[in-house]
Amino acid sequence: MSRFSRFILSLAFAGAATSAVAFENFKGIGRPATPAEIKAWDIDVRPDFKGLPKGSGSVSQGEVIFEEKCASCHGTFGESNEVFTPLVGGTTKDDIKTGHVRALATGDLPQRTTFTKVATISTIFDYIQRAMPWTAPKSLKPDEIYGILAYLLNLSEIVPSDFVLSDKNIADIQKMMPNRNGMTTNHGMWPGAPASKGGIGNGGKPDVQAKACMKNCKTEVRIGSILPDYARNAHGNLEDQNRNFGPVRGVKTGESLAAAPKNSAELELATISGCMACHGINNKIVGPGYNEVQLRYKDQTDAEDRLSRKVREGGQGAWGSIPMPANEHVKEADAKTLVRWILSGAK
Amino acid sequence: MGNPMKIRAASKDGITEVKVLISHEMETGQRKDSAGAIVPAWFIKELTAKHNDKVVLSSEFGSSVSKNPYLAFKFKGGAKGDKVSVSWTDNKGDSRTDEATIA
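The shown structure was predicted, so the numbers you read here are calculated from the model rather than taken from an experiment.

Calculation notes
Residues numbered from 1 in each chain as written. Chains lettered and ligands numbered in written order. Predicted model: local features only at pLDDT ≥ 70, side-chain atom pairs only at ≥ 80, totals over all residues. Helix = DSSP H or I, 4+ residues; strand = E, 2+ residues; numbered from the N terminus. Buried ≥ 20, exposed ≤ 12 C-beta atoms within 10 Å, placed from the backbone. Contact = placed C-beta atoms within 7 Å. Core = buried A, V, L, I, M, F, W, Y, C linked by C-beta atoms within 7 Å. pLDDT = per-residue confidence, 0-100. Pairing = 2+ DSSP bridges. Axes fitted to C-alpha atoms, helices over the stretch in contact; angles between N-to-C directions. Nonpolar A, V, L, I, M, F, W, Y, C, P; charged D, E, K, R; others polar. Parallel < 35°, antiparallel > 145°, perpendicular 65-115°, else oblique. Left-handed = near helix turned anticlockwise from the far one by under 90°.

With respect to the overall build of chain A
Step number 1: Helix and strand counts for chain A come out as 14 helices and four strands.
Step number 2: Across the 347 residues of chain A, 20% fall into the buried class.
Step number 3: Partitioning the contacts of chain A with sequence separation of at least 6, the portion at a separation of at least 24 is 50%.

With respect to the nonpolar core
Step number 1: Counting 44 residues, the largest nonpolar core has A:Ile148, A:Leu149, A:Ala150 and A:Leu152 as its most contacted members.
Step number 2: Contributing elements (two or more residues each) for this core: helix H4 (59–74), helix H8 (121–131) and helix H9 (142–155) of chain A together with strand E1 (6–12), strand E2 (15–21), strand E3 (44–51) and strand E6 (83–90) of chain B.
Step number 3: The biggest single contributor to this core is H9(A), with nine residues.
Step number 4: Not counting the four nearest positions on each side in its chain, A:Ala150 is found in contact with A:Gly57, A:Ser58, A:Val59, A:Gly62, A:Val159, A:Phe163, A:Val164 and A:Leu165.
Step number 5: Counting eleven residues, the second largest nonpolar core, distinct from the first, contains A:Ala270, A:Ala335, A:Leu338 and A:Ile342.

Focus on the confidence of the model for chain B
Step number 1: Taken as a whole, chain B shows an average pLDDT of 90; of its residues, 99% reach a score of 70 or greater.
Step number 2: Scoring of the predicted complex yields 0.60 for pTM and 0.81 for ipTM.

Details of the sheet that holds strand E7 (residues 95–101) of chain B
Residues and elements named next belong to chain B.
Step number 1: Sheet architecture is open: four strands sit in the order E4-E3-E6-E7, paired in antiparallel fashion. Either end of the sheet is taken by a strand with one partner, and the two such strands are strand E4 (54–60) and E7. Along the sheet, successive strands turn relative to each other by an average axial angle of 15 degrees, direction set aside.
Step number 2: Relative to E7, E6 is paired through seven bridges, and the arrangement is antiparallel. Following the sheet pairing, Thr89 is matched in E7 by Ser95.

Topic: the interface of chain A and chain B
Step number 1: With five residues of chain A at the interface, the matching set in chain B holds seven residues.
Step number 2: When grouped by side-chain class, the residues that make up the side of chain A that touches chain B number two nonpolar, two polar and one charged.

Considerations on the packing of helix H13 (residues 303–313) of chain A against helix H14 (residues 332–343) of chain A
Residue and element names in this part refer to chain A.
Step number 1: In contact at an axis separation of 9 Å, H13 and H14 are set at 125 degrees when each is read in the N-to-C sense. Here H14 runs oblique to H13, going by the angle between their axes. Crossing geometry of H13 relative to H14 is assigned as right-handed. Taking contact as the criterion, the partners of Ala303, Glu304, Leu307, Ser308, Val311 and Arg312 in H13 are, on H14, Glu332, Ala335, Lys336, Leu338, Val339, Arg340 and Leu343.

Topic: the packing of helix H11 (residues 265–272) of chain A against H14(A)
All names here are of chain A.
Step number 1: Two elements in contact, H11 and H14, have axes whose closest approach is 10 Å; the angle formed by their N-to-C orientations is 120 degrees. The orientation of H11 relative to H14 falls into the category oblique. H14 is crossed by H11, and the crossing has left-handed handedness. Residues Glu266, Leu269 and Ala270 of H11 form the contact with H14, whose participating residues are Asp334, Thr337, Leu338 and Trp341.
Step number 2: When the residues that make up the contact of H11 with H14 are grouped by side-chain class, the tally is four nonpolar, one polar and two charged.

A look at the sheet that holds E1(B)
Residues and elements named next belong to chain B.
Step number 1: The strand order across the open sheet built from three strands is E1-E2-E5, with neighbouring strands paired in antiparallel fashion. The strands lining the two open edges of the sheet, one partner per strand, are E1 and strand E5 (70–76). Adjacent strand axes in the sheet meet at a mean angle of 15 degrees when their direction is disregarded.
Step number 2: Across seven bridges, the pairing between E2 and E5 is antiparallel. Each residue of the ladder has a partner; that of Thr16, found in E5, is Phe75.

Rendered as structure tokens:
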């Protein structure tokens, strides 16, 4: 979190609690948030259903809304894997009883779905309210969200098709969520104090140790596998088929297919210096081609000095509005070499 | 008797679109379980869809179709309130028919 947004947040919290005190420290900056602003911002629905709006919706109402607003991405049955991962599927009647999705442990699932993972129904409510539909978030009314949620619960075979979900019975549905017991908080990813201090996390302790192993160390590097001789040349020269930068190189096997003529030393220099990304030898890429540069400056005696300075300092205007960035990594002598090379025809 | 299918049918401008989510294991017979034994094949062989009593879709399924397959198709005709029924038979001789009303 950036310092700026932390500052904004502290303002918002301060505004909710004790507005006068906080503004002592920030004289002349901002103003306390109004109750209406806080109400518009404070939309979260918590696992204990704090913040849950009143309302209700039936499965059949939800089906109509889902078909209209949700099905194009999620599929009529919440089964679609095309735009997002599926919402529904992978849960069984037994999971609803135990509160653990068995398929997560056995690995039978081809694809995890929302209902195999989520432990609290309030999270789904909150998410739909906050972020859905993708194109018009926060546009759904509470009754519509209850309806959609009832429809999803029906698709997951948690509630019957004549069910009406409301703020009164949502807590009972929480007791039927397939993965309700699947959430663990005793790990470093969960923020807050450890359980011994009244929190629910483990105090941010990571579950990796990063301890150097100093026993039974190997004394020499032993190569575990090599390319057998008969396979060495099966696919041409492997060196040609791998990038010539980065940690992995191809081993040279056989003759190079592209026995290209060796590039001039200057062209190599231009390539490593990054010039060739924007300039072609005979064509414009982002900046002008070297043939154009040569044509314009060939009769000017001071061109070599001016241009080599420009290579290192950058410039704009001579060739249009796109600026040439400064290239301070290019040594002065190298810049001179390159400019001389360009002005002599860049071969 | 397998688990029920989910069927939605909607008619618009004389064309009815039917979407079906079938609940079936669709085991290919080529997988092995953790003990190394082959999991026996178990898949839908035939699937038929009817509009009232007229067959509008008749298909042969095989082991290459996914678990819990999704099927969507359109046919000409069909009015609000008509019945659409879908039935399948699998290689173990099990079968199932489910029905929906066109919306």
